[in-house]
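Fold and contact review
The chain contents come next:
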Amino acid sequence: QVQLVESGGGLVQAGNSLSLSCAASGRTITMAWFRQAPGKEREFVAVMWSGSRTYYADSVKDRFTISTDNAKNSVYLQMNSLKPEDTALYYCAAGSRFYYPDYYAPRSYEYWGQGTQVTVSS
């Protein structure tokens, strides 16, 4: 069983940046970020597979960057040019396999963190 712990959320003004971190207690093949706004379903944000291949949701492409540190079993999400619509609870997810094309689906991930709140004010 792998445990995930997120950190780095907070309140930021639109246009600014924020960085999220997620530390895993063990090694995983795939690490990803999802988010869930109030009243909405959990949605895919970004994924990194085997430490190099990445996919992003269209809504965050060119603004967010996912990266990993395999030595630390950690994944990061650098969020730039934040918008109010980016406000959500951000979850770290990890899995022992990479599912294509279903990498955007929550069911493709075995392990989940508790979430960290990101609030972007206008």
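As shown above, the structure is provided for reference.
This report concerns the structure included in the present document. Quick caveat: nothing in here was measured; it's all calculated off a predicted structure.

Definitions and cut-offs
Residues numbered from 1 in each chain as written. Predicted model: local features only at pLDDT ≥ 70, side-chain atom pairs only at ≥ 80, totals over all residues. Heavy atoms only, no water. Pairing = 2+ DSSP bridges. Helix = DSSP H or I, 4+ residues; strand = E, 2+ residues; numbered from the N terminus. Axes fitted to C-alpha atoms, helices over the stretch in contact; angles between N-to-C directions. 1 Å grid on protein atoms, 1.4 Å probe; cavity = no way out; pocket = protein on both sides within 12 Å on 5 of 7 lines; lining within 4 Å. Points joined across faces, edges and corners; volume = space filled by probe spheres on them. Nonpolar A, V, L, I, M, F, W, Y, C, P; charged D, E, K, R; others polar.

Spatial ordering of the open sheet is given by β1-β3-β8-β7, a layout of 4 strands whose pairing is antiparallel. A single partner strand is all that each edge strand has here, and the edge strands are β1 (4-7) and β7 (64-69). For this sheet, the mean inter-axis angle between neighbouring strands, taken without regard to orientation, is 15 degrees. Inspection of the sheet shows strand β3 (residues 18-24) paired to strand β8 (residues 74-79) by 6 bridges, in the antiparallel sense. Directly across from S21, in β8, lies its bridge partner Y76.

What follows covers the layout of surface pockets. In this approach, a probe sized like a water molecule rolls over the atoms, and the result shows the empty space that is left. Its boundaries defined by the atoms lining it, the largest pocket holds a volume of some 170 Å³. Lining the largest pocket are G26, R27, T28, I29, M31, M48, S50, G51, T68, N70 and N73. When grouped by side-chain class, the residues that make up the lining of the largest pocket number 3 nonpolar, 7 polar and 1 charged.

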